[in-house]
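Notes for the structure review
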Amino acid sequence: MTATHTTTDQPEASAVRAQDRAQEREEVLAKARAAKEAAPTFARLRTDAKNAILRAAADAVEAAADDILAANARDIAAGEEAGMQEHLVDRLRLDASRIAGIAGGLRQVAGLQDPVGEVLTGSTMPNGIEMKQVRVPLGVMGMVYEARPNVTVDAFGLALKAGNVALLRGSKSAKHSNAALVKVLQGVLAEHDLPREGVQLLPCATHDSVTDLITARGLVDVVIPRGGARLIAAVVTGATVPAIETGTGNCHLYIDASADLDAAIAMTINGKTRRPSVCNATECVLLDAALDTAAKARVLRALQDAGVRVHGDVDKLVHLGVDGIAHATPESWGEEFLTMDIRAAEVDGVDGAIAHIARWSTGHTEAIAAQDIAVAQRFTQEVDAAAVMVNASTAFTDGEVYGMGAEIGISTQKLHARGPMALPELTTTKWILQGNGHLRP
């Protein structure tokens, strides 16, 4: 009887799953169609209107803090019960300070220059036609992201200021937090007589909804992934919608023999420990073989004293006399830790550092500590990354630090945008030619 029961249940279960899947896909496409329909309304908004909405949204987020934190507590509890790693819980967690930061980010975006309508270049042709290239909104901006609910509000704020609408596919782990935040933001849009479809949250029960978003060509104008390497790779390789790759951060700091060792150690610790769960954290320290043994050992012990676990080729580092070094597997050199862990290796001068970085870098941020100007110049010229730091922590790769205000992510690709992506990077351009009945001969 059990076998018969299972046999009859299987087709029914499959039918239910197929129906659920069809409903999920239709929900994604319906929201994408609604976003496309709303996009012209937001593209036409004047700067003062956009700024008023952003400030109202900041006030509304703060006013709804209790509801948002209650929703976030549900996500945190579910994550901890499921055994979520602590650095991911930290990304997910909201508190009063982070709510204030989210609201502050919206106010900051309101204070930034509106890129829409900016004339990038222009001229008058010999025949009298006036020609100019201007910034215009991208349109429907899809976001696929993990854990961090603050990205929900950042994406809304930046999209709005750049004249876009936001179609958000957050993670299942943050579904209650994201829903609470989007409810607040949609309420603000409605109060300003604007379509709620200016920001929408997509279903996140299955990964199939990501596929639905990134293949909605003709409805979605651009998709931006923000998260771990697997998420980014899945979006970039599977998208038929144009995608902007925001890369993972396997960031290195090379300490040259000419470096100020005290400053180099401080930069290494700052880059690793300031906030280890973010993409600009230092994940590998490269030690010039020309440094004396005591100096190299001092770097590693300073990291250990700061609570960082050092990984590396134990056989090659044993001569430094530093205990407690964990073995780094060959494949791990290209990965992010996002925890209080770091890899360490000896390299043969700047040539060795450049070669190591070329092999393992994700193209995010690379740094050098050196007093030799020629060595530093060689490093900046030959290292291929979105950002290269000279005698500065990798933690400085950040749109706000660059004076851009809030960012949507760090682009590691080479087309359209590279490095921190702020307002100008969320626009495209249009050529406008003004004639007077001109005909081309």
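Going by an unreviewed UniProt entry, the chain carries the name Gamma-glutamyl phosphate reductase and comes from Corynebacterium incognita. The record held by UniProt for the chain lists under Pathway (unreviewed entry) the comment "Amino-acid biosynthesis; L-proline biosynthesis; L-glutamate 5-semialdehyde from L-glutamate: step 2/2." Its UniProt record gives the chain the following Catalytic activity (unreviewed entry) comment, quoted word for word: "L-glutamate 5-semialdehyde + phosphate + NADP(+) = L-glutamyl 5-phosphate + NADPH + H(+)".

All right, on to the pairing of strand 8 (residues 282-288) then. Burial runs high along strand 8: seven of the seven residues are buried. One ladder, built from five bridges, connects strand 7 (residues 251-255) with strand 8; its direction is parallel. From the neighbouring strand, Cys-251 faces strand 8, where its bridge partner is Thr-282. The handedness of the strand 7 to strand 8 crossover, carried by helix 10 (residues 261-273), is right-handed. Of the strand pairs in this sheet, strand 8 and strand 11 (residues 341-347) are connected by five bridges, and their pairing is parallel. The residue of strand 11 that forms the bridge with Asp-288 is Val-347.

Another point: empty space enclosed by the protein. Scanning all chains against the criterion turns up two cavities of 30 Å³ or more. Here the largest cavity is characterised by a volume of approximately 40 Å³. At the level of elements, helix 5 (96-110) and helix 6 (150-161) are the ones that each hand at least two residues to the lining of the largest cavity. Grouping the amino acids of the lining of the largest cavity by side-chain chemistry returns six nonpolar, two polar and one charged. Estimated volume of the second largest cavity: approximately 30 Å³. Residue lining of the second largest cavity: Gly-170, Ser-171, Lys-175, Asn-178, Leu-201, Leu-202 and Cys-204, and that is the complete set. Looking at the lining of the second largest cavity residue by residue, the classes come out as three nonpolar, three polar and one charged.

Next up on the list: the side chain of Thr-365. Position of Thr-365 among the secondary structure elements: in strand 12 (residues 365-369). Residue Thr-365 is classed as buried on the basis of its relative accessible area of 0%. At a separation of 2.8 Å, a polar atom in the side chain of Thr-365 contacts the side chain of His-364. Here the side chain of Thr-365 touches Thr-397 through a polar contact of 2.7 Å, side chain to side chain. For Thr-365, the residues in contact, after removing those within four places along its chain, are Cys-251, His-252, Ala-387, Met-389, Thr-394 and Thr-397.

As a further point, take the pairing of strand 4 (residues 165-169). Of all the five residues making up strand 4, five are buried; the element is thus mostly covered by neighbouring parts of the structure. Because side chains alternate across strand 4, one face comprises the buried residues Val-165, Leu-167 and Arg-169, and the other comprises Ala-166 and Leu-168, equally buried. With five bridges connecting them, strand 3 (residues 140-145) and strand 4 associate as parallel partners. Among the inter-strand pairings, Met-143 is bridged to a residue of strand 4, identified as Leu-168. Chirality of the crossover, the property in question, places the unit of strand 3, helix 6 and strand 4 among those that are right-handed.

Criteria and cut-off values
Residues numbered from 1 in each chain as written. Predicted model: local features only at pLDDT ≥ 70, side-chain atom pairs only at ≥ 80, totals over all residues. Heavy atoms only, no water. UniProt positions renumbered as here; feature names shortened; annotations may be inferred. Buried < 20%, exposed > 50% of the residue type's maximum accessible area, 1.4 Å probe, protein only. Helix = DSSP H or I, 4+ residues; strand = E, 2+ residues; numbered from the N terminus. Pairing = 2+ DSSP bridges. Right-handed = clockwise from strand over helix to strand, strands pointing away. 1 Å grid on protein atoms, 1.4 Å probe; cavity = no way out; pocket = protein on both sides within 12 Å on 5 of 7 lines; lining within 4 Å. Points joined across faces, edges and corners; volume = space filled by probe spheres on them. Nonpolar A, V, L, I, M, F, W, Y, C, P; charged D, E, K, R; others polar. Polar contact = N/O pair within 3.5 Å; in protein donor to acceptor, adjacent residues only side chain to side chain. Contact = heavy atoms within 4.5 Å.

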